[in-house]
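A closer look at the structure
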Amino acid sequence: MSKSNKNKTEQLDNSATNASWGGRFNEPVDAFVARFTASVDFDQRLAMQDIQGSIAHAKMLAKVGVLTADELKQIIDGLAQISDEINQGKFAWSQVLEDVHMNIEAALTERIGIVGKKLHTGRSRNDQVATDIRLWLRDQIDTIKPQISQLQQNIIALAKSEASTIMPGFTHLQTAQPVTFGHHLLAWNEMIQRDYERLCDCRKRLNQSPLGSAALAGTSYPIDRDFTASELGFSKASENSLDSVSDRDFAIEFCAFASLMMTHFSRISEELILWTSAQFQFIDLPDRFCTGSSIMPQKKNPDVPELVRGKTGRVTGQLISLLTLMKSQPLAYNKDNQEDKEPLFDAVDTVQDCLRAFGDMIPAIQANRDSMFEAARRGFSTATDLADYLVCKGTAFRDSHEVVGNAVAYGIENSKDLSEMSLEELQKFSSLIDQDVFEVLTLEGSVAARNHQGGTAPEQVKAAADRALKLVKSRS
Ligand code: ARG
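As the structure is a computational prediction, the values presented were derived from the model and not from experiment.

**Observations concerning the overall build of the chain**
Of regular secondary structure, the chain possesses 21 helices and six strands. Since a compact globule built from 476 residues should have a radius of gyration of about 23 Å, the 31 Å found for the chain marks it as more spread out than a globular shape. Projected onto its principal axes, the C-alpha coordinates of the chain cover approximately 100 × 55 × 40 Å. Scored against the burial criterion, the 476 residues of the chain give a buried share of 47%. Contacts spanning at least 24 positions in sequence make up 73% of the contacts within the chain whose residues lie at least 6 apart. Carbon and sulfur atoms form 52% of the exposed surface of the chain, whose accessible area is close to 22800 Å². Looking at the chain, you have 51 positive and 64 negative side-chain charges, and the mean spots of the two groups are 3 Å apart.

Encoded structure:
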C-alpha cells in the first residue's frame with residue numbers, strides 16, 4: 001500500500017471525531033493525529049483518581065445548586081458502575097476519545113444520558129488532569145512511605161546485631177581506620193532518613209487542590225473550592241488558577257526525591273557488589289538474590305544490587321525529562337504537559353520495585369565477621385591511633401605522624417601490621433612507646449575509643465540504632 005493510500009484509509013477509519021470538542025471542526029481529525037495526541041493508553045492509570053475527583057466535583061455542584069440531588073445521585077451511581085467495570089477489566093477504552101477523562105465522561109453519558117453531560121460544568125480537563133495526577137501521586141507516596149520505613153527498620157536491626165563487628169573503614173577506597181559494620185549500616189540509614197523527609201516535604205507541597213481553576217482563568221459558576229479540596233483530602237485550594245493548571249513541580253520534586261534515593265541505593269549497591277566479591281568476601285547474599293553464569297560454573301552474580309544500581313540512571317533520566325518538559329513553557333496549560341505522566345509513572349514503579357528488592361535483601365545479608373576483621377588488620381588501620389597515642393605522651397601531632405609513617409614503612413617491608421610488632425621494634429621509632437601501646441593498636445581498642453555521639457564505638461552504635469528505630473517507629 002502506498003503512503004498516500006495508507007493515510008487515506010486511516011482518514012476514512014477515523015470518521016468518529018471526538019464529540020467532546022468536535023463542534024467547531026469541519027473534518028475529522030487525521031487518524032495518525034488522533035493516535036499521536038491520544039493519551040488513554042497510559043493515562044488510564046489515573047481512572048480511579050479521575051472518578052474520585054468527578055464525584056467530589058459533582059457533590060460540590062449539587063451543594064451550590066448547579067445540579068439537583070437526583071442528578072447527583074445518577075452521576076455517582078453511574079461513576080460507581082464505571083469504576084467497577086474498570087476494576088474488573090471490562091471497560092472498553094477508546095483511542096478516539098483521547099484520554100481517560102473523556103473516556104469516562106462518554107461512558108457516563110452513555111449510561112445515564114444527558115445528566116452525564118452536566119458533570120463537566122465549571123470544570124476543564126486542565127484542572128481535572130492536574131487534580132488526578134496529584135491524587136494519584138499522593139496515593140503512591142502513601143505506599144512508598146511505609147516501604148521506606150520498613151527498609152530503614154531492616155537496616156537498623158542489622159546494624160544493632162552487627163554493632164561490634166569490626167571492618168576496615170575506607171576513604172578513597174583505601175583502608176583508613178577500623179569501623180564497626182553496624183556504624184556503616186547506620187550511615188546508610190541516615191541517607192535514607194533524609195530521603196524520607198524529602199518525600200514528606202514533597203507530599204506537603206503537592207497536597208493542594210487545583211480543582212476549580214477550570215481551563216486557566218477559573219469559572220463563572222458559584223463553585224466552592226474549599227469544599228472540593230476538603231472532600232479530596234487536600235490541605236487547601238490552590239491560590240492561582242493559571243499556576244494550578246500548569247504547575248508540575250510536584251512531579252519534578254517527586255522525581256528529584258526518587259533520583260537522590262536511587263543515587264543512595266546505587267552507592268549501597270556498589271558496596272554490596274564489592275563486598276560479595278572474592279577479593280573482599282565481607283558478606284554473603286543468599287542465592288535467591290543472585291544468578292549464575294551460563295559459562296562460568298563458579299560464578300554467583302549479585303544481580304539484584306547491580307540492577308538497582310542500573311535503574312538509578314533510569315530514574316534520574318525521568319527527572320531530566322520532566323525538567324526539560326517544563327523548561328520555557330509559557331503559562332498556562334500546554335499539551336506538552338501530557339508528557340508528564342509516563343516519566344512519573346516509570347519513576348514511581350522503579351522506586352517501588354527497588355524498595356521491595358532492598359527491603360527483602362538487606363535483612364538477608366550475612367556478614368563474614370572473620371573476613372572483615374582480617375581485612376581491617378591489614379592496611380595499618382590503627383596508624384592514626386598510634387599517632388594519637390604519641391600525642392598523648394607529649395609528641396606534636398606532625399612529629400608523631402612522621403614517626404608512625406616510618407613504622408608503617410617498616411611494616412610494609414617486613415609484612416607486619418603495627419599490632420604484630422614487638423615493643424622493642426616499636427620503640428625503635430619512638431622511645432615514648434610503652435607496653436600500653438597495644439591497647440590502642442588493637443582493632444577493638446581503636447573502635448571503642450571513638451566513644452562519642454556519631455562515633456563508631458559499639459556502645460554508640462547500639463544507642464544510635466535505638467534512637468533511629470524510635471524515630472522510624474514514631475511516624476508509622
Ligand atoms: N490528556 C490531557 C493531559 O494529559 C488532558 C488535558 C487536556 N487539555 C487540553 N486542553 N487539551 O494533559
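**Section: the nonpolar core**
In terms of nonpolar packing, the biggest core is built from 87 residues, with Phe254 and Phe265 touching the most fellow members. When residues of this core are assigned to their parent elements, the largest contribution, 13 residues, is made by helix H12 (residues 249-276).

**Concerning the site of the ligand**
Taken together, Ser39, Asp43, Asp99, His101, Arg125, Asn126, Val129, Tyr333, Gln338 and Lys341 form the complete shell of residues around the ligand. One of the side-chain nitrogen or oxygen atoms of Asp99 is found 3.0 Å away from a nitrogen atom of the ligand. In the environment of the ligand, a nitrogen atom lies 2.8 Å from a nitrogen or oxygen atom belonging to the side chain of Asn126. For the ligand, the protein covers 86% of the area, taking 340 Å² as the surface of the free molecule. A per-element tally of the shell around the ligand places helix H8 (residues 125-161) first, with three residues.

**Details of a nonpolar patch on the surface**
Residues Phe32, Val33 and Phe36 make up a contiguous nonpolar surface patch of roughly 310 Å² in combined accessible area. Within the fold, Val33 resides in helix H2 (residues 31-37). The partly exposed category is assigned to Val33, whose relative accessible area is 36%.

**Let's talk about unusual backbone geometry**
Residue Ala332 is reached from Leu331 by a cis peptide bond, and omega for that bond is 0 degrees. Examined against the element boundaries, Ala332 turns out to sit in the loop between helix H13 (303-326) and helix H14 (341-361). Its identity as a non-glycine residue notwithstanding, His172 has a phi of 55 degrees, on the positive side. The exposure class of His172 is exposed, given its relative accessible area of 74%. Despite not being glycine, Ser328 has its phi angle at roughly 70 degrees, a positive value.

**So, the pattern of salt bridges**
Once their charged atoms are close, side chains differing in charge can pair, the charge on each being opposite to the other. Applying the stated criterion across every chain yields a total of 29 salt bridges. Residue Glu420 is joined to Arg377 by a salt bridge in which the shortest nitrogen-to-oxygen separation is 3.0 Å. Here the residue Glu420 occupies a position in the loop between helix H17 (397-414) and helix H18 (423-427), and Arg377 occupies one in helix H15 (residues 369-377), the gap between them amounting to 43 residues. You can call Glu420 partly exposed: its relative accessible area is 38%. Taking the shortest distance from any N to any O, the salt bridge between Glu425 and Lys416 comes out at 2.8 Å. Classification of Glu425 as buried rests on a relative accessible area of 10%. A relative accessible area of 27% places Lys416 in the partly exposed class. Via salt bridges that share partners, Glu98, Asp99, Arg125 and Lys335 belong to a single interconnected network.

**Observations regarding the packing of aromatic side chains**
Following the criterion strictly, the structure yields eleven aromatic pairs and no others. With a centroid separation of 5.7 Å and an interplanar angle of 75 degrees, the aromatic rings of Phe181 and Trp275 are classed as edge-to-face. Pair noted here: Phe181 is in helix H9 (residues 181-206) and Trp275 is in helix H12, with a separation of 94 residues, a long-range link. Of the two residues examined, Phe181 and Trp275, each falls in the buried class. Their ring planes at 15 degrees and their centres at 5.9 Å tell us that Trp188 and Trp275 sit as a pair that is stacked. Remark: Trp275 occurs in helix H12 and Trp188 occurs in helix H9; sequence separation between them is 87 residues. Owing to a relative accessible area of 1%, Trp188 belongs among the buried residues under this scheme. A connected cluster of aromatic rings, assembled from ring pairs, spans Phe170, Phe181, Trp188, Trp275, Phe280 and Phe282. A cation over an aromatic ring shows up here: Arg138 above the ring of Phe234, its NZ or CZ 5.1 Å from the ring centre. Between Arg475 and the ring centre of Tyr196, over which it is positioned, the NZ or CZ distance is 3.4 Å.

Cut-offs applied
Residues numbered from 1 in each chain as written. Predicted model: local features only at pLDDT ≥ 70, side-chain atom pairs only at ≥ 80, totals over all residues. Heavy atoms only, no water. Helix = DSSP H or I, 4+ residues; strand = E, 2+ residues; numbered from the N terminus. Rg over C-alpha atoms; globule rule 2.2 N^0.38 Å. Buried < 20%, exposed > 50% of the residue type's maximum accessible area, 1.4 Å probe, protein only. Contact = heavy atoms within 4.5 Å. Areas by Shrake-Rupley, 256 points an atom, 1.4 Å probe, with all protein chains shown as cover. Lys, Arg positive; Asp, Glu negative; His and termini not counted. Charge placed at Lys NZ, Arg CZ, Asp CG, Glu CD. Core = buried A, V, L, I, M, F, W, Y, C linked by side-chain atoms within 4.5 Å. Near = heavy atom within 4 Å. Polar contact = N/O pair within 3.5 Å; in protein donor to acceptor, adjacent residues only side chain to side chain. Patch = residues over 30% accessible without salt bridge, like charges linked within 9 Å, V, L, I, M, F, W, Y side chains within 5 Å. Salt bridge = Lys/Arg side-chain N within 4 Å of Asp/Glu carboxyl O. Phe/Tyr/Trp six-rings, centres within 6.5 Å; stacked < 30°, edge-to-face > 60°. Lys NZ or Arg CZ within 6 Å of the ring centre and 35° of its normal.

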